[in-house]
Amino acid sequence: MKFLEMLRAAQERNGSMLCVGLDPEPRRFPAALRGDATRIGEFCARIVDATADLVIAYKPQIAYFAAHRAEDQLERLIAHIRKVAPHVPVILDAKRGDIGATAEQYAIEAFERYGADAVTLSPFMGFDSVEPYLKHEGKGAFLLCRTSNPGGDDLQNQRLASIEGSPLLYEHVARLAQGPWNLNGQLGLVVGATYPNEIERVRAIAPTLPLLIPGVGAQGGDAVATVRAGWRPDAPIVVNSSRAILYASSGDDYAQAARREAEKTRALLASARP
Ligand SMILES: O=c1ccn([C@@H]2O[C@H](COP(=O)(O)O)[C@@H](O)[C@H]2O)c(=O)[nH]1
């Protein structure tokens with residue numbers, strides 16, 4: 001099944017726009033696991049077990065694994081997701097961007113080593129840095145467009161005077177992804193929940209693309225405004241929350257607490273659907 005089909009199927013089956021972000025930080029683990037980087041995979045697997053019927057996707061952020069030499073645990077975690085939640089797509093948040101030859105290797109890493117269904121990419125180096133990912137049959141790629149951090153303004157909100165209509169950079173990225181760059185029909189965009197007006201603008205430019213929307217929860221993005229701005233019946237929105245769910249409790253009940261927080265967020269997102 002192609003990535004977008006998987007996403008639509010998971011949205012339907014779990015009635016969800018919520019993506020749980022897997023950003024494990026051993027120093028924030030419950031006492032029995034705290035500080036132990038060898039138990040990253042186990043911590044995340046319990047979160048997956050507790051939320052598999054509530055989510056549209058999982059988004060492991062690779063830095064949280066690589067920082068602790070835990071890439072092998074990430075491989076096993078994704079295999080675990082395949083086993084307990086085969087209907088839920090995995091988006092590897094790696095934000096890669098490099099020349100074509102190197103991008104080919106990054107694509108192999110994401111799709112063959114880890115077995116991810118989609119990956120996040122920086123479009124900054126242009127189309128030849130994105131193309132190698134599109135050659136992997138049925139795999140998805142989300143291009144950073146209007147990111148959730150305040151520093152996103154520095155470049156993404158600059159006007160491109162040399163392009164017809166003088167679009168802002170993030171608007172231009174949205175146009176490219178909706179149009180000429182979307183060779184395999186599996187491209188999406190990353191837009192921060194902290195900027196609902198920009199989500200609306202991106203939606204106007206890219207009406208059929210899936211949007212990956214981080215920034216609700218710990219970053220304070222407005223979940224209701226996000227759905228109102230981005231929801232379309234035929235183009236999934238994938239609203240990510242990581243820390244607010246992973247660390248809903250610092251006790252042994254962390255997985256149950258994560259489930260309750262995920263249920264709450266899923267319901268809030270659903271309540272905002274037009
Ligand atoms: O614009 C972006 C792109 C990616 N992220 C990533 O999403 C999660 C957010 O974590 P929270 O704990 O829910 O704040 C994290 O992995 C970021 O690297 C983003 O925040 N903004």
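All values derive from a computational prediction rather than experimental measurement. (Residues numbered from 1 in each chain as written. Predicted model: local features only at pLDDT ≥ 70, side-chain atom pairs only at ≥ 80, totals over all residues. Heavy atoms only, no water.)

### Overview of the site of the ligand
The condition that has to hold: Throughout, near means a residue has at least one heavy atom within 4 Å of the molecule or strand. Any pair of nitrogen or oxygen atoms within 3.5 Å is treated as a polar contact; in protein, a donor-acceptor pairing is required on top of that, and neighbouring residues in sequence qualify only through side-chain atoms on both sides. Residues are called lining when one of their atoms sits within 4 Å of a cavity or pocket point, these points coming from a 1 Å grid over the protein atoms alone, where a cavity is a set in which a 1.4 Å probe fits but cannot get out and a pocket is an open set with protein on both sides within 12 Å along at least five of seven lines. Molecule-in-pocket calls rest on the fraction of atoms, with more than half required to lie within 2 Å of the cavity or pocket grid points. The numbering of helices and of strands both runs from the N terminus, where a helix is a DSSP run of H or I of at least 4 residues and a strand a run of E of at least 2. We call Asp, Glu, Lys and Arg charged. Ala, Val, Leu, Ile, Met, Phe, Trp, Tyr, Cys and Pro are nonpolar, and the rest, Gly among them, are polar.
Looking at the ligand, there are 16 residues lining it, with Asp23, Ser148, Gln219, Ser242 and Arg243 nearest. Glutamine 61 is positioned with one of its side-chain polar atoms (N or O) 3.5 Å from an oxygen atom of the ligand. Lysine 95 places a side-chain nitrogen or oxygen 3.5 Å from an oxygen atom of the ligand. Assessed atom by atom at 2 Å from the grid points, the ligand resides in the largest pocket. Looking at the shell around the ligand, the elements that each hand over two or more residues are strand S3 (91–96) and strand S8 (237–241). Along the lines of polarity and charge, the residues of the shell around the ligand split into 4 nonpolar, 7 polar and 5 charged.

### Some points on the layout of surface pockets
Under the convention used in this document: Grid points are joined across faces, edges and corners, and a volume is the space filled by probe spheres set on the points.
Within this model, the largest pocket holds a volume of roughly 410 Å³. Forming the boundary of the largest pocket are 24 residues, of which Lys59, Lys95, Ser148, Pro214 and Gln219 lie nearest the centre. Going through the elements one at a time, S3, strand S7 (211–214), S8 and helix H11 (243–246) are the ones with two or more residues in the lining of the largest pocket. Taken together, the residues of the lining of the largest pocket sort by class into 8 nonpolar, 11 polar and 5 charged. Approximately 320 Å³ is the volume found for the second largest pocket. For the lining of the second largest pocket, the elements supplying multiple residues, two or more each, are strand S5 (140–146), helix H7 (153–156) and helix H8 (169–178).

### Section: the side chain of aspartate 23
As a reminder, the rule being used: Relative accessibility under 20% of the residue-type maximum defines a buried residue, over 50% an exposed one, and the middle range a partly exposed one, all with a 1.4 Å probe and only protein chains included. Asp and Glu count as negative and Lys and Arg as positive, but His and the ends of the chain are not part of the count. The salt bridge criterion pairs a side-chain nitrogen of Lys or Arg with a carboxyl oxygen of Asp or Glu, the two atoms within 4 Å. Whether two residues are in contact is decided by their heavy atoms: any pair within 4.5 Å suffices.
Summarising the element assignment, aspartate 23 is placed in the loop between strand S1 (18–22) and helix H2 (40–51). The charged side chain of aspartate 23 is buried without a salt bridge, its nearest counter-charge being lysine 59 at 4.4 Å. Within the local environment of aspartate 23, its side chain forms a polar contact with the side chain of serine 242, the two groups lying 3.4 Å apart. Not counting chain neighbours up to four residues away, the residues in contact with aspartate 23 comprise Lys59, Gln61, Tyr64, Ser242, Leu246 and Tyr247.

Fair warning: the whole summary comes from geometry, so function is off the table for now.
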